[in-house]
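Understanding the architecture of this molecule
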Amino acid sequence: LEAYVEKINYRGTIYEIDRRTSPTNIGVYLMSIAYAQLLGFINKREARQRIEATLSAIENLEKYGGLLFNWYDTRNDAPLLHHDPRTPFPYVSMVDNSNLAAALLGVGSLFPRYRNRTRMLVESMRFDEFFDSSRDLFCGGGWVRTEGFRQYLILDRSFHYDFLASEALLLYVV
């Protein structure tokens with residue numbers, strides 16, 4: 001991912017490359033490519049090369065139920081642990097993955113040659129894993145715990161999203 005998606009942090013007068021990225025960052029990058037081509041900033045060939053490279057990177061990332069982890073190290077594509085030391089497991093965000101899913105569907109619509117690949121990526125995303133039946137709402141995310149060869153999601157029940165929550169609205173669309 002390093003060659004394709006990195007965050008630039010601005011701190012006062014210092015710009016620095018942040019060596020991590022998220023599903024939202026990747027989705028925004030994909031849509032930026034599409035619109036850069038539509039607006040004539042890059043040609044179709046360059047757009048296709050960038051989209052191809054990014055889709056290949058996404059396909060090769062470690063995932064949970066088709067969902068990308070919240071943060072990846074862009075130098076080695078490894079999932080990063082959640083920042084809370086009490087939960088030393090990678091985090092999966094419902095909102096970030098919804099943003100990525102919407103971007104994938106948009107790119108598939110604007111670039112028909114990628115429609116099947118983007119649709120397969122979206123269809124593999126197990127958004128149902130975020131549903132908290134005790135509240136009849138979606139949780140914002142969860143930690144992925146691995147025991148042996150088995151992975152399971154520990155829902156983060158500290159916050160939920162309903163249909164009207166703007167951050168989570170894309171989940172209901174995709």
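Structural notes, computed from the coordinates. Everything numeric here is computed off the predicted structure, so don't read it as measured data. (Residues numbered from 1 in each chain as written. Predicted model: local features only at pLDDT ≥ 70, side-chain atom pairs only at ≥ 80, totals over all residues. Heavy atoms only, no water.)

**Looking at the overall build of the chain**
The line we're drawing: In this text, helices come from DSSP runs of H or I with a minimum length of four residues, and strands from runs of E with a minimum of two, each type numbered from the N-terminal end. We call a residue buried when its accessible area falls under 20% of the maximum for its residue type, exposed when it is over 50%, and partly exposed in between, using a 1.4 Å probe and counting protein chains only. Any two residues whose heavy atoms approach within 4.5 Å at even a single point are treated as in contact. A 1.4 Å probe and the Shrake-Rupley method give the accessible areas. Residues count as covered only by the protein chains that appear here.
Within the chain, the regular secondary structure consists of five helices and 12 strands. Counting all 174 residues of the chain, 46% fall into the buried class. Sequence-distant contacts, at least 24 apart, represent 58% of the contacts inside the chain between residues at least 6 apart. For the chain, the exposed area adds up to about 9700 Å²; of that, 53% sits on carbon and sulfur atoms.

**Details of helix H2 (residues 44–60)**
The condition that has to hold: Helices are assigned an expected span. That span is 1.5 Å times one less than the residue count. Residues adjacent in sequence count toward polar contacts only when both atoms are side-chain atoms; beyond that, a polar contact is any pair of N or O atoms within 3.5 Å, and within protein one must be able to donate a hydrogen and the other to accept it.
End to end, H2 covers 24 Å across 17 residues, agreeing with the expected 24 Å (1.5 Å per residue, within 8%). Those residues of H2 that sit buried are Ala47, Ile51, Ala53, Thr54, Leu55, Ala57 and Ile58. Here the buried face of H2 lies against helix H1 (23–38), strand E4 (63–64), strand E5 (67–68), helix H3 (94–110) and helix H4 (115–123). For H2, the N-terminal capping position is held by asparagine 43, with its side-chain oxygen 3.1 Å away from the main-chain nitrogen of arginine 45.

**As for the environment of valine 95**
Considering the arrangement of structural elements, one finds valine 95 in helix H3. Counting along the chain gives 72 residues from valine 95 to proline 23, while the straight-line C-alpha distance between them is 9.1 Å.

**Here we look at the sheet that holds strand E12 (residues 160–161)**
Note the threshold: The pairing criterion for strands is at least two bridges between them, as found by DSSP.
Strands sit in the order E8-E9-E12 across an open sheet of three strands; the sheet is antiparallel. Single-partner strands in this sheet number two, and they are strand E8 (131–132) and E12. Where strand E9 (residues 137–139) and E12 come together, two bridges link them in antiparallel fashion. When the sheet's bridge partners are listed, cysteine 139 is paired in E12 with histidine 160.

**Considerations on the nonpolar core**
Our working rule: In this description, a nonpolar core means a group of buried Ala, Val, Leu, Ile, Met, Phe, Trp, Tyr and Cys residues linked to one another through side-chain atoms lying within 4.5 Å.
Counting residues in each nonpolar core, the largest one holds 39 residues, and the members touching the most others are Leu30, Ile51, Ile58, Leu100, Leu104 and Phe130. Only H1, H2, E5, H3, H4, E9 and strand E11 (150–155) provide two or more residues apiece to this core. When neighbours within four sequence positions are excluded, leucine 30 is seen to be in contact with Ile51, Thr54, Ile58, Leu100, Leu104 and Val107.

**A look at H3**
For H3, spanning 17 residues, the distance from its first C-alpha to its last is 24 Å, which sits close to the expected 24 Å at 1.5 Å a residue. For H3, the complete set of buried residues consists of Met94, Val95, Asp96, Asn97, Ser98, Leu100, Ala101, Ala103, Leu104, Gly106, Val107 and Gly108. You can read the cap of H3 off the contacts: a side-chain oxygen lies 3.4 Å from the backbone nitrogen of valine 95, and it is on serine 93.

On their own, these measurements won't tell you what the molecule is for.
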